[in-house]
Structures are given as structure tokens and as C-alpha cells.
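For reference, the chains in residue letters:
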Amino acid sequence: MTTAAPVKTQYEAIIGLETHCQLSTATKIFCNCSTEFGAVPNQNVCPICLGMPGVLPVLNEKVLEYAVKAGLALNCEIASYSKFDRKQYFYPDLPKNYQISQYDLPIAKDGWLEIELLDEQGNPTRKRIGITRLHMEEDAGKLVHGGSVGEASRNETRLSGSTHSLVDFNRTGVALAEIVSEPDLRSGQEAAEYAQELRRILRYLGVSDGNMQEGSLRCDVNISIRPYGQEQFGVKVEIKNMNSFSAIHRAIDYEIARQTKALENGEKIFQETRLWEEGNQRTISMRSKEGSSDYRYFPEPDLCPIELPGEQLQTWQEELPELPAAKRHRYETRLGLSAYDARVLTDDRGVAEYFEAVVAAGGNPKQAANWVMGEITAYLNQQKLSISQIAFPAVGLAELIALIEKGTISGKIAKEILPELLVKGGSVTKLIESKGLVQISDAGELDKVIEAVLAANPKELAQYRSGKTKLLGFFVGQVMKETGGRADPKLTNQLMAKKLNA
Ligand SMILES: [Zn+2]
């Protein structure tokens, strides 16, 4: 997590986010076309998503389920009566010339999510951010200017030297949830944390992969500034084109600084849409915005309104998993972990569940947290794997931790055998026995090794006895070498000191 110093001015920033998140259904919202990412352009289309005359959309039930679950997880009020509307506008990526969305009766409204910010000492500050609404809608297609239809995931790709444009309708009709926050955010850091928490929640629910590079999660920021104490909002600027959390953070901080400077110089802020330029780390003006556009919304006549039975709502509510914020609280209060550890462990649901399984199998929570956040995470990052892909079960890690606590193996040996366990799985006890790695904690056995080491190093022994006591480390090191690292380090130290000082 970034901890850049907040921009300090006499002005207060008022920030709200509009997030479009792709719901991870196998088929589109109103037809049976596949939603596969990266398919050959215009392969996943049909008369319905191409808006041919006379076709009828049918709502994908999964979309409703996912939207309602997201609404519930965001503490929203779920509408018992909701409907779809047509939003009219013309753009070449929209074959019907209207988008099916929700206008005055969204499926969910009036919710909140909790963000958590850690200061440099790791102390958390928590804040509730209001959710104005969540509604379902279909995505538009993708324009490619210049002829290349290769990479790119956003709705539009502009290549230099464009001579013509192409359109790909594969994503036309892909299900989206649009989530609008209240203007409760005050800094780039808060906004980035809000977007991350939103993504965590959606991923926990399994309703979206939240992949920003593929455009599954797209955030637009609304930002204005006003002098502290002033009631009235300043002029609002919209920022688009941020495809990472750090870009959201930096774009907002840049924009706060830009608007502050403009006001201090007596300049006017214009209502406009600005783009974040990652390369130059700045926002640039894209177009001015004159009031809100008139989309001539009207109820979609081809789809019936949605009435959600209370029992259905109840079932979906019961299917919700424990969410990240609740997990963080529980890890801190019940397992005694720090806010930082709780945060890292709960970032990914799979990792959190693995960690919990280690604890359930008897693993000490702090030790389990250290192993999961340290060695195992490093391995996963290095191998580009997810935790579900390792062969080492949680119960195995609990066993490993117990063996270290009992002194059967040293922490060092445990780290050495971990890579093999992660790849092959199997019993930890069997592995250390077969490799002869059991720690030597028997004083009699260690004494023999110590005698041999002293006999083999008479010069150092003489130096030690004439006052060079620092050589204790050298002798212990020799014992470790002789035993292949299996000697119990604490006991070896004690026995060696005793022998040397005898
Ligand atoms: Zn279709």
C-alpha cells in the first residue's frame, strides 16, 4: 500500500467514483453469446447483441444474482421492484443506438463500504464510503482506430497514423454492474483504497475477476475542490483512463494540485473530462462538458420489470461469504494479528482461506501468517501461481509449524524443504525422516560432535582460552557444518560455551 504524503492545502477535495465492473457470467446479459476475452473480433455476436430488428432480449438470471449479491455485500437496499431503461445515444460501437441500462429504479441503492488506511506505524483508520447506487447494464463494443485489432482491452484503442477504424462487437452486451459512490472520498489514497476494497469484495463474491488490464474494472473519478468550511461544491472535473490503483491515486493527487494552483492564481475551473497520461504523470483536457446529456431514457419495452421474491433474496444473502472487512476485524480481534498482517492475508480470498485452514489444523496464527505472507507468497509470485495451485495442503503447513515449535526441525531446515513440499506435497514428517533432517537435540550426541570440533581446531581453542571469546560463533558454526545444519542451535550454544569455559 502506498503511503505518499497527502496534498496539504487550504482546499478540501470532494471525490466520487463511478466504477464499471464486468460481471463474470459465461454468456452476455441478454443473449447466449460467449463473453470470452480475447476472442477473434466479431466472433461472439448474434442478432440480439447486434441489435437486429425484431429480436427480443432475455435477462440472464446469473446477472441478476451477481448484481444483487454485490448490492447486498455493499450494504445496499435491494429493490423489490426494478426495471430496465433505454439510454439513447449514437456512437459507432453501439449497434442498437441505445444501451439497455437502469435509470430511476436501480436494483440496489443507499449502501456503503468500509475502507481502511494504515499510517506508517501500521495503525488503521477506518471510514465508511457511501454507495449511491448499483445498476445493471450492457457494455458497448470496442473501436480500433488505425487497423490493428491485436491487443488492448479498453473500449477504444487509438493508434498513431490512423487511416480507418474498425469495430469489434464481441463485448457488446457483456454484463456490467455500474457502482456509483457518494462524494465521500477526500484524497487520492482514499479513492485508490476504495477501488481496491470494491474489487476485493467483488472477487470474494466471485461475481467479477476485477482484472483492470482486461477492462473488467474501470473507474472514472469525479473531483472538485472547495475552501475548507465552504458548503457549496466547486466545479466538477471528470478523469478517465486510469487502469491501475496507483494511477487513480496519482491522477487525483495531480488534479488536486492542478485545481488548487488554478484557484490560487485566480483562474476558473472548467467542467470537463480529462484523461490521465501515465507516461507524463498528468491529466490533460479531453472535452468540455456542458451540463448533463439528454439521453431520453424510457422504460425498455422488451424486458419485463423485475420483482424479486423475498425468499430468493434470503437465499442469496445466505450464500454470501465472509467479506474482507469482517475477516480483517476477526483476524485482529480473535487471532491477535496486526492490522497490517490482517490486511495482507485477506487481500485474496484463496490466501485467506488457506491461512484459516492452517490455523484450524492447529497452526499458531502468527507463525502461519509469517509463513503464508513470507515464504509462500514469495514462491507464488516467483512462479506466477495462485495458492490453489500448490500441492502443499494447509494441514501440512500446520504440521511444519508444529515440528519447528517442538524442536524436531530448525526454522532454517523448514525453509530449505519448503520448495519441495510446495511442488510435491506429501507428509512433512516422512520427508524430514527420509532426508535425515531431524534436529539433533540430544545433549549426548551433540557433545560428541563438540569434542570432535574442539580437537580439530586446537589453534582457535587456544585463542579462545586466551580471551578471544568471540570465537564461540566460529565453534558453533563448525558444529552446524558437521551436522548439516541439524544441531539445535540454542542447545549447541549452551553446551559449547560450557565446554569452552571448562
Ligand atoms: Zn449475442
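What counts, and where the lines are drawn
Residues numbered from 1 in each chain as written. Predicted model: local features only at pLDDT ≥ 70, side-chain atom pairs only at ≥ 80, totals over all residues. Heavy atoms only, no water. Phe/Tyr/Trp six-rings, centres within 6.5 Å; stacked < 30°, edge-to-face > 60°. Helix = DSSP H or I, 4+ residues; strand = E, 2+ residues; numbered from the N terminus. Buried < 20%, exposed > 50% of the residue type's maximum accessible area, 1.4 Å probe, protein only. pLDDT = per-residue confidence, 0-100. Contact = heavy atoms within 4.5 Å. Expected span 1.5 Å × (residues − 1). Bend = angle between axes of the 7 residues up to and from the residue. Pairing = 2+ DSSP bridges. Salt bridge = Lys/Arg side-chain N within 4 Å of Asp/Glu carboxyl O. Donors = N, O, S within 2.8 Å, 3.2 Å for Na, K, Ca; no water. Tetrahedral: all angles 85-135°; square planar, octahedral: opposite > 155°, others 65-115°. Axes fitted to C-alpha atoms, helices over the stretch in contact; angles between N-to-C directions. Parallel < 35°, antiparallel > 145°, perpendicular 65-115°, else oblique. Left-handed = near helix turned anticlockwise from the far one by under 90°. Nonpolar A, V, L, I, M, F, W, Y, C, P; charged D, E, K, R; others polar.

What is the right way to read the packing of aromatic side chains from this model?
Given two aromatic rings, one states the distance between the centres and the angle between the planes to describe the pair. Applying the stated criterion across every chain yields a total of seven aromatic pairs. Geometrically, the ring pair formed by Phe30 and Phe84 is edge-to-face, given 5.5 Å between the ring centres and 85° between the ring planes. Note that Phe30 is positioned in the loop between strand 1 (11–22) and helix 1 (61–73) and Phe84 in the loop between strand 3 (81–82) and strand 4 (85–88), a separation of 54 residues in sequence. Considered together, Phe30 and Phe84 belong to a single accessibility category, that of buried residues. Geometrically, the ring pair formed by Tyr103 and Tyr297 is stacked, given 3.9 Å between the ring centres and 10° between the ring planes. Taken together, the positions of Tyr103 in the loop between strand 5 (98–101) and strand 6 (108–118) and Tyr297 in the loop between strand 15 (282–288) and strand 16 (298–299) put the pair 194 residues apart, joining distant regions of the chain. Judged by its relative accessible area of 43%, Tyr103 is partly exposed. An aromatic cluster is defined as three or more aromatic residues linked by ring pairs; in this entry it consists of Tyr89, Tyr103, Tyr295 and Tyr297.

Looking at this model, I keep getting lost on the confidence of the model for the protein chain. Mind explaining?
Should the pLDDT be low somewhere, the predicted coordinates at that spot are not to be read in detail. Per-residue confidence for the protein chain averages 91 on the pLDDT scale, and 94% of its residues sit at or above 70. Note that residues 147–154 has pLDDT below 50 and, in this model, 20 contacts with residues that lie over four places away or in other chains.

Would you take a moment to explain helix 8 (residues 365–383) for this structure?
Counting along an α-helix, one turn takes 3.6 residues, and residues three or four places apart therefore face a common direction. Here helix 8 contains 19 residues, and its C-alpha end-to-end distance of 25 Å stays within 8% of the 27 Å for a straight helix at 1.5 Å per residue. By the largest-angle criterion, Ile376 marks the main kink of helix 8, which is about 35°. Of the positions making up helix 8, those classed as buried are Ala368, Ala369, Trp371, Val372, Ile376, Tyr379 and Leu380. Tucked inside the fold, the buried residues of helix 8 contact helix 6 (339–346), helix 7 (349–360), helix 9 (394–405) and helix 10 (411–424).

Can you walk me through the sheet that holds strand 16 in this structure?
Neighbouring strands of a sheet are bound in pairs by backbone hydrogen bonds; such pairs are parallel or else antiparallel. One open sheet accounts for three strands, arranged 5-4-16; its pairing is antiparallel. At either end of the open sheet lies a strand with only one pairing partner, and these are strand 5 and strand 16.

Would you explain unusual backbone geometry in this entry?
It is generally the case that most residues other than glycine have a negative phi and that most peptide bonds are trans. With a phi angle near 55°, Asp110 is a residue other than glycine that sits in the positive phi range. With respect to the secondary-structure elements, Asp110 resides in strand 6. We note that Arg296 has phi near 45°; this positive angle belongs to a residue other than glycine.

Can you help me understand the pattern of salt bridges in this one?
Any two side chains of opposite charge can pair, given that their charged atoms come close. Applying the stated criterion across every chain, the model contains 43 salt bridges. Between Glu12 and Arg186 there is a salt bridge, with its nearest N and O atoms 3.3 Å apart. Taken together, the residues Glu12 in strand 1 and Arg186 in the loop between strand 11 (175–181) and helix 2 (188–205) connect sequence positions 174 residues apart. The class for Glu12 is buried, based on a relative accessible area of 16%. Here Arg226 makes a salt bridge to Glu12, at a shortest N to O gap of 3.1 Å.

Would you mind going over the coordination of the zinc ion with me for this structure?
Tetrahedral coordination by four donors places them ideally at 109.5 degrees to one another around the metal; octahedral coordination by six donors ideally gives 90 or 180 degrees. Every protein donor of the zinc ion is accounted for by Cys31 (SG), Cys33 (SG), Cys46 (SG) and Cys49 (SG), and the metal-donor separations fall at 2.2 to 2.4 Å. Here the zinc ion is ringed by four donor atoms whose angles at the metal span 101 to 114°, and the overall shape comes out tetrahedral. For the zinc ion, the donor residues sit on a single chain with the sequence spacing C-x1-C-x12-C-x2-C. Each member of the pair, Cys31 as well as Cys33, is classed as buried.

When you look at the sheet that holds strand 14 (residues 272–277) in this model, what are you seeing that I'm missing?
If you walk across this open sheet you meet the nine strands as 2-6-7-11-1-12-13-14-15, and the pairing is mixed. Two strands in the sheet have a free side with no partner beyond their single neighbour: strand 2 (77–78) and strand 15. Here seven bridges tie strand 7 (residues 124–138) to strand 11, and the two strands are oriented antiparallel to one another. Paired with Glu138 across the two strands is Ala175, which belongs to strand 11. Sitting on the sheet, helix 3 (residues 245–264) is in contact with strand 1, strand 12 (217–227), strand 13 (237–242), strand 14 and strand 15, with an inclination near 25° to strand 12. Packed on one face of the sheet, helix 5 (residues 324–333) meets strand 6 and strand 7 and runs near 40° to strand 6.

Got a minute to help me understand the packing of helix 14 (residues 472–482) against helix 15 (residues 489–500) in this structure?
Axes are the key here: two packed helices are described by the angle between their axes and the distance separating the axes. For the pair helix 14 and helix 15, the least separation of the axes is 10 Å and the interaxial angle reads 125°. In terms of their interaxial angle, helix 14 and helix 15 are classed as oblique. Seen along the crossing, helix 14 lies across helix 15 with a hand that is right-handed. Every residue of helix 15 that contacts helix 14 at Leu472, Phe475, Val476, Val479 and Met480 is listed here: Pro489, Thr492, Asn493, Met496, Ala497 and Leu500. Per-class residue counts for the contact of helix 14 with helix 15 are nine nonpolar, two polar and no charged.

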